[in-house]
Amino acid sequence: MTAAAAPKPAVARQAPSDLTLTFADGPTVRAVAAAAADPEWLLADRLAALAGFEALPIETNPLYTSYVDLRNARLSAVRPLPPSARQAAAGKAPLPEGAAAYAEMTENRVTALVLSPEARDAGVILETLASLQARDPELMRRLLEGGCALPEHDKLAQMTRALWSDGLLLSVPDGVRLEQPIVLRWAQGAPNSALISRTIISVGSDAEVAVVEEQVASAAVAGEAQSFFAGTTEVQLGAGSTLSFAGLQDFSANQVAFQHRSAVLAQGATVRWALAQLGCRVIRSRIDNTLDGNGSSVEQAEIVFGSADQLFDLTSYTRHVGRDTTGNLLSKGALSDRSRAYMKGLATIDLSAHGTDSYLGEFAMLLSKQARSVAIPSLEIDQPDCRRVAHASSVGPIDESLLFYLESRGLDPDEARKFIVLGYLEPVVARVPLAAAQDRLRDLLEAKWAASATSLPAAVA
Amino acid sequence: MSDQDLIIRDLHVAPAAKPDHEILKGIDLAVGRGEVHAIMGPNGSGKTTLAYALMGHPAYVIKSGKVLWKGHDLLKLSADKRARLGMFLAFQYPMAIPGLSVASFLRSAINARRSGLNPDPAVDPTDAFKGGIPMGEFRKLVREKMTLLKMDESIASRYVNEGFSGGEKKRLEMLQMAVLEPEMAILDETDSGLDIDALRIVAEGVNAMLNPNMGVLVITHYQRLLNYITPDTVHVLAAGRIVASGGKDLALRLEDEGYAPILAEAGLEGEVGDEAPDGATPNEAAAPAMEAAH
Ligand SMILES: Nc1ncnc2c1ncn2[C@@H]1O[C@H](COP(=O)(O)OP(=O)(O)OP(=O)(O)O)[C@@H](O)[C@H]1O
Ligand SMILES: [Mg+2]
């Protein structure tokens, strides 16, 4: 008789919608809350969010359910980083040239937190949520309880709300207009670590501020094991205020990141998002704009430059509530190798939203035969009395006739492609409000181009 | 005839998408250095196709025939190589390149042109520190040519043709020609879309560029341009063939009589009039945007 064959090591097959996180549970939530000495209401808030997380499917919008793919997010060994030292290492890092304030988080440590004297004198606050809790527990509760503007029906947003352990508050008082931008920098990448954070931005009436957020790989990136980032940007804009927010994501190829950005706008307020997605193995980003106030507006421009087998899963929801609101949203992807981008956008025009102007454009340029992109712009219109409601999308290779135009001037095919692709992404680069960050983004795009160009189809001799 | 002349022999060209549908059905033409040839012909007769085929547009296939220039079998060279050899095409419908400034485009084009057929790999025209035209010389050259064409210097920082008016696009084509100093220039309806003053300025600019080393092929619908740029020879292209050639007075005759008598002489009445809708070039047809408005 033959002995029973040794059982094959079970290679768990991961379905596209499987979220392999193993720590999103009650005990972890309680441990996080205990470590931070959370007040009672905050623990309750976390547990409510956890219940939401457990009850919700990964995608609630039926239009998008076939465009979820978390198979390359292998997060079962990932564990939350222990709570941060929570003390700002103030003064350690200098203020970057041209910035009004600077916060830097490395893994779970606050490695810089500085404000310029002008910003401090104007009453601008940039602090960790831990120090907010110590300084003004009532304000903390007002800002966070109930999930702020995080989408209620989003499983991953609720996970972040349940498990966050680090966070920042940026508050700009009424009427303060900062000339110089505020720089926020996240460096993460320790193998099998998870950093879960919330960033709250409160812009007072008639205030104006620009933020540059950089998300980069830390020095701890090593080997094949992935690391996990989940972070929010939760913005409240007072009447007549303006926020220009540039986000530059260049995490390592071992990173999985879930981003949630939300803005709620009062009358006459404006938010401008300029977002560049370059890094990560799998990145899921969701933006929620709520145009509550009459005459409020959002300008959103997002670019993706993909290579290798990166997946960019981008969704934006824009809700027009007030009268005469404006939404101008543009997503552009350039995809090489086997990279993929899902670009999903929904603009909702409420019955109250007379005079809406809403545009949604999603475009992708495929630079290799294996690259893929899906663009799904859609509209829900309850109020037909609009100034303009339009969407546009296209997915295709580089326009051959553009290439020919440049080649007819002597540019070699590779240089011509580079000009077209980087030029295609340039309008978003130009919106980054800090010269140094703009140059850095241009350099990153150039470097990424140089690294991925070899995989492009061979040029005609 | 010298081996420096542009010599086109029995050229047959079809769209790559419809390779059995020949647009050019046997073109024979020779343009010597220092000569100006005009090509006129009804809409859809194949003028732009000829220009594209000479420049190497990938949307067209050469079914048969030969093109020789400067001792090269031109059709074997890619478009960028033809340009670096000194061939230039002023487009009938110039393309917009979002995000690419006119200044960096011109700089790269000048560097490419000056590097010749086989560029030095150590020269990186996008990098100010790796060869290429020095910034000071570049600025001076562009300023000088903009003055010649009476152009506003502010366009240097704009994106190539993006948001340009029709006439501004044509003028930018001429600026490119002026800085690149081609040895064979094909002007495809450069006069269309220019106002009366702009036409004169552009034509005078082209005249200033004429030299004994450069051959010119001017595609036009209007004799007016030829008042400024005097052609040595005028050709009539119809239904994919050159059906008549003559001196400057041929253009005058066309202006008076229209195409019918000449086409009749060529036995072609029935075949023409398959008008291309204005703007329906392959370039625009290839634009992938799908627009939905509600
Ligand atoms: N890529 C293509 N695919 C299919 N048909 C084409 C293509 N390019 C040109 N054609 C057709 O070939 C014919 C000649 O076109 P071409 O653009 O060369 O004309 P043209 O003489 O320049 O006309 P115009 O005076 O209007 O500029 C037209 O009927 C046109 O529709
Ligand atoms: Mg034409």
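Residues numbered from 1 in each chain as written. Chains lettered and ligands numbered in written order. Predicted model: local features only at pLDDT ≥ 70, side-chain atom pairs only at ≥ 80, totals over all residues. Heavy atoms only, no water.

## Here we look at the overall build of chain B
Logical step 1: For chain B, the count of helices and strands is 10 helices and 13 strands.
Logical step 2: By the burial criterion, 52% of the 294 residues in chain B qualify as buried.
Logical step 3: The long-range fraction of contacts in chain B, counting pairs at least 24 apart against all pairs at least 6 apart in sequence, stands at 71%.
Logical step 4: Working note: accessible area of chain B is about 12,700 Å², and carbon and sulfur atoms make up 51% of it. (Helix = DSSP H or I, 4+ residues; strand = E, 2+ residues; numbered from the N terminus. Buried < 20%, exposed > 50% of the residue type's maximum accessible area, 1.4 Å probe, protein only. Contact = heavy atoms within 4.5 Å. Areas by Shrake-Rupley, 256 points an atom, 1.4 Å probe, with all protein chains shown as cover.)

## Looking at the coordination of the magnesium ion (ligand 2)
A four-donor tetrahedral metal ideally has 109.5 degree angles, and a six-donor octahedral metal ideally has angles of 90 or 180 degrees.
Logical step 1: Looking at the metal site, the magnesium ion (ligand 2) is ligated by Thr48 of chain B (OG1) and Gln92 of chain B (OE1), spaced 1.9 to 2.1 Å from it. Of this pair, Thr48 of chain B sits in helix α1 (residues 47–55) while Gln92 of chain B sits in the loop between β6 (87–90) and β7 (97–101), and the two are 44 residues apart along the sequence. (Donors = N, O, S within 2.8 Å, 3.2 Å for Na, K, Ca; no water.)

## Things to note about the interface of chain A and chain B
Logical step 1: Contacts between the two partners involve 32 residues from chain A and, on the opposite side, 46 residues from chain B.
Logical step 2: Summing the contributions of chain A and of chain B, the shared interface buries around 2,900 Å²; its carbon and sulfur component is 64%.
Logical step 3: Contact with chain B buries surface across chain A, with Phe404, Tyr405 and Arg409 of chain A losing the most and accounting together for 27% of the total.
Logical step 4: Taken together, the connections running from chain A to chain B amount to 1 salt bridge.
Logical step 5: Its salt-bridge partner being Arg409 of chain A, residue Glu173 of chain B comes within 2.7 Å of it at the nearest N-O pair.
Logical step 6: On the surface where chain A and chain B come into contact, there are 9 residue pairs in polar contact (both at pLDDT 80 or more).
Logical step 7: Within the residue set of the side of chain A that touches chain B, elements represented by two or more residues are β19 (372–381), β20 (386–397), α7 (400–407) and α8 (413–429) of chain A.
Logical step 8: At 8 residues, the largest contribution of residues to the side of chain A that touches chain B is made by α8 of chain A.
Logical step 9: Taken together, the residues of the side of chain A that touches chain B sort by class into 17 nonpolar, 7 polar and 8 charged. (Buried area = accessible area lost by both parts, 1.4 Å probe. Salt bridge = Lys/Arg side-chain N within 4 Å of Asp/Glu carboxyl O. Polar contact = N/O pair within 3.5 Å; in protein donor to acceptor, adjacent residues only side chain to side chain. Nonpolar A, V, L, I, M, F, W, Y, C, P; charged D, E, K, R; others polar.)

## Comments concerning the pairing of strand β12 (residues 270–277) of chain A
A regular strand carries its side chains on alternate faces of the sheet.
Residue and element names in this part refer to chain A.
Logical step 1: In terms of burial, β12 is a largely internal element, 7 of the 8 residues being buried.
Logical step 2: As judged from the 8 bridges shared by strand β10 (residues 242–250) and β12, these two strands associate in the parallel manner. Its bridge partner being in β12, Leu243 is matched across the sheet by Val271.
Logical step 3: When β12 meets strand β14 (residues 297–306), the two strands line up parallel, connected through 8 bridges. Paired with Val271 across the bridge in β14 is Val298. (Pairing = 2+ DSSP bridges.)

## Looking at the domain arrangement of chain A
Bring the parts together and some accessible area is lost; that lost area is often taken as the interface size.
Residues and elements named next belong to chain A.
Logical step 1: Parsing chain A into structural domains produces domain 1 (26–399) and domain 2 (400–454).
Logical step 2: Of note, the centres of domain 1 and domain 2, computed from C-alpha atoms alone, are 26 Å apart.
Logical step 3: Contacts between the two partners involve 37 residues from domain 1 and, on the opposite side, 25 residues from domain 2.
Logical step 4: Counting across the interface, domain 1 meets domain 2 through 2 salt bridges.
Logical step 5: Between Glu299 and Arg431 there is a salt bridge, with its nearest N and O atoms 3.2 Å apart.
Logical step 6: The interface formed by domain 1 and domain 2 contains 12 residue pairs in polar contact (both at pLDDT 80 or more).
Logical step 7: Of all the elements in the fold, those that place two or more residues in the side of domain 1 that touches domain 2 are β6 (182–188), β8 (208–217), β10, β12, β14, β16 (326–335) and β18 (356–366).
Logical step 8: The element contributing the most residues to the side of domain 1 that touches domain 2 is β14, with 7 residues. (Domains from an automatic or database assignment.)

## Regarding the sheet that holds strand β1 (residues 6–15) of chain B
All names here are of chain B.
Logical step 1: Taken together, the 4 strands give an open sheet; going across it, the order is β2-β1-β4-β5, and neighbouring strands pair in antiparallel fashion. In the strand order of this sheet, the two ends are held by β2 (24–31) and β5 (72–73), each with one partner.
Logical step 2: Of the strand pairs in this sheet, β1 and β2 are connected by 6 bridges, and their pairing is antiparallel. In the sheet register, Ile7 faces β2, and the bridge partner there is Ala30.
Logical step 3: The sheet contacts of α1 involve β1, β2 and β4 (60–69), and relative to β1 the element is tilted by about 110 degrees. (Axes fitted to C-alpha atoms, helices over the stretch in contact; angles between N-to-C directions.)

## Points about the packing of aromatic side chains
Logical step 1: A full pass over the atoms with the stated rule returns 13 aromatic pairs over all chains.
Logical step 2: Aromatic pair Phe404 of chain A and Tyr52 of chain B: ring centres 5.8 Å apart, planes at 85 degrees, arrangement edge-to-face. Of this pair, Phe404 of chain A sits in helix α7 while Tyr52 of chain B sits in helix α1, which puts the two residues in different chains.
Logical step 3: Owing to a relative accessible area of 3%, Tyr52 of chain B belongs among the buried residues under this scheme.
Logical step 4: Site record: aromatic cluster; members linked through ring pairs are Phe404 and Tyr405 of chain A together with Tyr52, Tyr60, Phe91 and Phe105 of chain B.
Logical step 5: A cation over a ring is seen here: Lys155 of chain A above Phe53 of chain A, with NZ or CZ 4.4 Å from the ring centre.
Logical step 6: Stacked on the ring of Phe138 of chain B, the Lys or Arg Arg107 of chain B has its end atom at 6.0 Å from the ring centre. (Phe/Tyr/Trp six-rings, centres within 6.5 Å; stacked < 30°, edge-to-face > 60°. Lys NZ or Arg CZ within 6 Å of the ring centre and 35° of its normal.)

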